[in-house]
Amino acid sequence: MSETSPQQGAESICPPVDLSGDAGWVPFDAPSLVGESLRFVSGEPDGNRFRVRYYRDSEQHLHARIWFGPETEGPPGHAHGGAVSAVMDEALGLAAWAAGYPIVVGNLNISFRTMLPLQKVVTVESRVVSAQGRKVMVHGRLFCGDAVYAEGECLCITLPGR
Ligand SMILES: CCCCCCCCCCCCCC(=O)SCCNC(=O)CCNC(=O)[C@H](O)C(C)(C)COP(=O)(O)OP(=O)(O)OC[C@H]1O[C@@H](n2cnc3c(N)ncnc32)[C@H](O)[C@@H]1OP(=O)(O)O
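Residues numbered from 1 in each chain as written. Predicted model: local features only at pLDDT ≥ 70, side-chain atom pairs only at ≥ 80, totals over all residues. Heavy atoms only, no water.

The name recorded for the protein chain in an unreviewed UniProt entry is Acyl-coenzyme A thioesterase THEM4, from Geobacter sulfurreducens. Under the heading Sequence similarities (unreviewed entry), UniProt records this for the protein chain: "Belongs to the THEM4/THEM5 thioesterase family." (UniProt positions renumbered as here; feature names shortened; annotations may be inferred.)

Next comes the structure, spelled out in structure tokens:
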């Protein structure tokens, strides 16, 4: 008969990471705007999946500082494309909300430019580039220094009555 140690299978939690913003960025409280529903990406701020903090700059553009933990793995040692897409979906959709548009994402086009190593802190920057009728277009990129890991174009559709 095999014995199971209480430690077996237990995940060790990765050490804290620095998600502080750039000079002039102000922390952005997403739940106070959209509620507590964004748990898929933002729900475990000390866990081993994503760790995220949102900021706005002096021009009110939304930025996310994000750590991709070991549980986002796709290709060995690198982030899963779905993990990158989930982050872009949340960050670019939230950028539209932060700009005053109550939306859901209708279409999201991601280009994966370079494989993203795990346990790296990266930034998503975003811009609302147009708003016509119910269509709000947001562009963004996920990068660290000169390395661009992904670029996204996000068509958001405003929700009637909100
Ligand atoms: C309810 C939740 C609230 C709280 C949210 C919390 C925070 C969220 C924070 C964000 C982070 C999380 C983000 C997430 O994860 S959001 C979650 C993922 N997204 C969804 O689940 C959205 C599912 N889709 C829908 O609900 C509907 O299809 C929507 C609402 C998008 C449109 O259906 P609706 O019946 O209302 O509108 P319409 O069909 O008359 O279209 C209107 C116009 O839009 C154009 N169009 C539409 N779709 C597309 C498309 N794919 N490509 C190109 N164009 C498109 C269409 O041609 C038309 O244009 P025009 O003919 O007028 O020129």
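Our focus in this paragraph is the sheet that holds strand β5 (residues 120–132). Strand order in this open sheet of 7 strands is β1-β2-β3-β5-β6-β7-β4, and the pairing throughout is antiparallel. Two strands bound the open sheet, and with one partner strand each, they are β1 (26–27) and β4 (103–112). Sheet contacts for helix α3 (residues 81–98): β2 (50–56), β3 (62–68), β4, β5, β6 (135–144) and β7 (147–158); angle to β4, the most-contacted strand, approximately 135 degrees. (Pairing = 2+ DSSP bridges. Helix = DSSP H or I, 4+ residues; strand = E, 2+ residues; numbered from the N terminus. Contact = heavy atoms within 4.5 Å. Axes fitted to C-alpha atoms, helices over the stretch in contact; angles between N-to-C directions.)

What follows concerns the environment of Gln 60. Residue position: Gln 60 is located in the loop between β2 and β3. Between the C-alpha atoms of Gln 60 and Val 26, which are 34 residues apart in sequence, the distance is 9.1 Å. In this structure the side chain of Gln 60 is engaged in a polar contact, spanning 3.4 Å, whose partner is the side chain of Arg 56. (Polar contact = N/O pair within 3.5 Å; in protein donor to acceptor, adjacent residues only side chain to side chain.)

What the rule picks out here adds up to 3 salt bridges. For the salt bridge of Glu 125 with Arg 141, the shortest nitrogen-to-oxygen distance reads 2.7 Å. Taken together, the residues Glu 125 in strand β5 and Arg 141 in strand β6 connect sequence positions 16 residues apart. (Salt bridge = Lys/Arg side-chain N within 4 Å of Asp/Glu carboxyl O.)

Now for the UniProt feature "domain: Thioesterase" (unreviewed entry) in the protein chain. The positions UniProt marks with the feature "domain: Thioesterase" (unreviewed entry) are residues 77–146. For residues 77–146, the end-to-end C-alpha separation is 20 Å, with 26% helix and 47% strand making up the annotated structure.

So, about the pairing of β5. Two faces, one strand: in a regular strand the side chains alternate between the faces of the sheet. Pairing of β3 with β5, which is carried by 6 bridges, proceeds in the antiparallel orientation. Looking across to β5, one finds that His 63 is bridged to Glu 125. In the sheet, β5 pairs with β6 via 9 bridges, with the strands oriented antiparallel. Counterpart to Glu 125 in the pairing with β6 is Arg 141. Two successive antiparallel strands, β5 and β6, enclose a turn made up of 2 residues, where Gly 133 displays a positive phi of approximately 60 degrees.

With respect to the helices and strands, the residue Arg 51 is situated in strand β2. A relative accessible area of 3% means that Arg 51 is categorised as buried. The spatial distance from the C-alpha of Arg 51 to the C-alpha of Asp 18 is 10.0 Å, given a sequence separation of 33 residues. The contacts of Arg 51, once residues within four sequence positions are left out, are Ile 13, Cys 14, Pro 15, Pro 16, Val 17, Leu 19, Glu 44, Pro 45, Asp 46, Arg 65, Ile 66 and Trp 67. At 3.4 Å, the side chain of Arg 51 and the backbone oxygen of Asp 46 are in polar contact. Within the structure, Arg 51 has its side chain in polar contact with the backbone oxygen of Gly 47 (distance 2.7 Å). (Buried < 20%, exposed > 50% of the residue type's maximum accessible area, 1.4 Å probe, protein only.)

The buried count for β2 comes to 5 of 7 residues, which makes it a mostly enclosed element. Direction of pairing for β1 relative to β2: antiparallel, over a ladder of 2 bridges. Looking across to β2, one finds that Val 26 is bridged to Arg 56. Pairing of β2 with β3, which is carried by 7 bridges, proceeds in the antiparallel orientation. Residue Arg 53 lies in a different strand from β3, and its bridge partner there is Arg 65. Hairpin connection between β2 and β3: a loop of 5 residues separates the two successive antiparallel strands, and Gln 60 in this loop has a positive phi of roughly 70 degrees.

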